[in-house]
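Residues per chain, in single letters:
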Amino acid sequence: MAVEESSVVAAASAAAKYWGTRGGFRTTILGTEKIGQLFFQWDGPREALLDAVGRLSPKLLSASAQHTRNMEARGGGVLGMEVLPQGELAGTYELRGRFDTRDSMGANLINTVLESWGAALPEVLAQALPTECAESGPPEIIMAILSNYTPGCVVRAEVGCTVDEMGVGAGGFTSVQLAERFTRAIRLAETNPYRATTHNKGIFNGLDAVVIATGNDFRAVEACGHAYASRDGQYRSLSHCEMAGGRFRFWLEVPLALGTVGGLTKVHPMAAASLELLGNPGAETLMSIVASAGLAQNFAAVRSLVTTGIQAGHMRMHLQNILTQIGVSEEVRAGATAHFSTAAVSYAGVREWVTANGASQ
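*Asks:* Even after reading the chapter, I still don't get the pairing of strand β7 (residues 239–244), so can you show me in this structure?
*Replies:* Consecutive residues of a regular strand have side chains that alternate between opposite faces of the sheet. Note: β7 against strand β8 (residues 247–255), six bridges, orientation antiparallel. Paired with Glu242 across the strands is Arg249, a residue of β8.

*Asks:* I'm lost on helix α9 (residues 269–277) in this one. Help?
*Replies:* Since the α-helix packs 3.6 residues into each turn, any two residues three or four apart lie on the same face. Where α9 is concerned, the buried positions are Ala271, Ser274 and Leu275. Down the axis, α9 shows its buried residues gathered within 95° of arc, on one side only. Relative to its buried face, α9 has exposed residues pointing more than 90 degrees away, namely Pro269, Glu276 and Leu277. Where the residues of α9 are buried, they touch α7 (193–213) and α10 (283–305). Where α9 ends, the next residue or the one after it, Gly279, has phi of about 85°, a positive value.

*Asks:* Teacher, can you tell me more about the pattern of salt bridges here?
*Replies:* Pairs may arise between side chains of opposite charge once their charged atoms sit close together. In this structure the tally under the stated criterion is 10 salt bridges. We note a salt bridge from Arg249 to Glu158, for which the minimum N-O separation is 2.9 Å. Placement of Arg249 in strand β8 and of Glu158 in strand β6 (residues 154–162) is noted, with a sequence separation of 91 residues between them. Of the residues examined, Arg249 reaches a relative accessible area of 25% and is grouped as partly exposed. The network of salt bridges with common partners includes Glu158, Glu242 and Arg249.

*Asks:* Help me understand the environment of Glu253, please; the structure alone is not making it clear to me.
*Replies:* With respect to the element layout, Glu253 can be found in strand β8. A residue is classified by how much of its surface remains accessible, and Glu253, at 18% relative accessible area, is buried. For the pair Glu253 and Ala157, spaced 96 residues apart in sequence, the C-alpha to C-alpha distance is 6.6 Å. Those residues within four positions of Glu253 in sequence are excluded, and the remaining contacts are Leu30, Val154, Val155, Arg156, Tyr228 and Leu238. At a separation of 2.9 Å, a polar atom in the side chain of Glu253 contacts the side chain of Arg156.

*Asks:* So what exactly am I meant to see when it comes to helix α12 (residues 330–339) here?
*Replies:* For α12, every residue scored as buried is listed here: Val332, Arg333 and Ala336. Seen end-on, α12 carries its buried residues on one side only, within an arc spanning 100°. Opposite the packed face of α12, turned more than 90 degrees from it, sit the exposed residues Glu330, Glu331 and Ala338.

*Asks:* Would you take a moment to explain the pairing of β8 for this structure?
*Replies:* With respect to burial, β8 is a largely interior element, seven of its nine residues being buried. Bridge count between β6 and β8: nine bridges; the pairing is antiparallel. Pairing of Val154 across the sheet is with Pro255, part of β8. Linkage of β7 to β8, two consecutive antiparallel strands, is achieved through a turn of two residues, within which Gly245 is found at a positive phi near 60°.

*Asks:* So what exactly am I meant to see when it comes to the packing of aromatic side chains here?
*Replies:* Any pair of aromatic rings gets described here by the distance separating the centres and the angle formed by the planes. In the structure shown here, the tally under the stated rule is 11 aromatic pairs. Taking 5.1 Å as the distance between ring centres and 35° as the angle between the ring planes, the aromatic pair formed by Tyr18 and Phe299 counts as tilted. You can see Tyr18 sitting in helix α1 (residues 6–20) and its partner Phe299 sitting in helix α10, a full 281 residues away along the chain. Phe299 carries the same exposure label as Tyr18, and that label is buried. Here the aromatic residues Tyr18, Trp19, Phe182, Phe248, Phe250 and Phe299 are joined through ring pairs into a cluster of three or more. One Lys or Arg, Arg231, reaches over the ring of Tyr228 and ends 3.8 Å from the middle of that ring. Sitting above the plane of the Tyr18 ring, Arg303 keeps its charged end 4.9 Å from the centroid.

Scoring rules and cut-offs
Residues numbered from 1 in each chain as written. Predicted model: local features only at pLDDT ≥ 70, side-chain atom pairs only at ≥ 80, totals over all residues. Heavy atoms only, no water. Pairing = 2+ DSSP bridges. Helix = DSSP H or I, 4+ residues; strand = E, 2+ residues; numbered from the N terminus. Buried < 20%, exposed > 50% of the residue type's maximum accessible area, 1.4 Å probe, protein only. Arc of directions from axis to C-beta. Contact = heavy atoms within 4.5 Å. Salt bridge = Lys/Arg side-chain N within 4 Å of Asp/Glu carboxyl O. Polar contact = N/O pair within 3.5 Å; in protein donor to acceptor, adjacent residues only side chain to side chain. Phe/Tyr/Trp six-rings, centres within 6.5 Å; stacked < 30°, edge-to-face > 60°. Lys NZ or Arg CZ within 6 Å of the ring centre and 35° of its normal.

Have a look at this one:
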């Protein structure tokens, strides 16, 4: 995990340990489809253009065949295409391509294919349209680029157990109280966008840490995740929870366009080492690992929020960071840890205690 906050690693590890004795994390790949967009301007009759889509597709696929051949040999390639009018932008259209890029994130492949379609489109369109449309002239290509919004490339990670198996929570809450309070907190994140924003940021604490470590594009992952969280018109939680029939279930569905080949995955030593540590997974397995890290992080954060509060565990980690920064012996560290288990943690307060109880080394 590549992250600046040690409490993120501690929280995810604690959640992994907790669920490791309750069935572990289960994941399902819901889709691996990615999207590319070729925008163009054409002032001819819309109906004629839309009717010609079926005749456009094979010719455009032929124009990009040299770029997709290797991907097709690995079981991927172009899944389909469609032409979409752009609402109020008269005469503006999107040629949307759907792709399966297998273990590659696929940005370079998708962009190359789209540009080959753009180069071929004027001639292909002239051949596909009725002769009376010739007076409208050729299309003007506006731009060709992949979309980082990939609602068809989604993984679900989930955990679950009986309510009784959840055990007594910190603060003395019973298993039933813990499950009820946790479920209520998730409902708040599903309905309150102010809470949902912080809630999802916590999920990305776990997601991003693995995405960065493996040489993937965390900005694309975050942009897509936040768009996905708003897909019904309101920003909502990416994770969900339910209690039914005496069981507790907690799950996360998130779009993750990741790669384990290409890009920096084998070039950057940190990325290569991280992927080796994970057993050199394919893209789908990496999606599952990343989603599980996000769910673990979210579980740990919400459980703290509804029991002891977020600062208790966070400040314990902060204390250790301060002691390391000051430079103390293990004996002084143990004494400071005991003292600040019931005292407020601040840099000035820790330094003052260390000075009074055992000079720094």
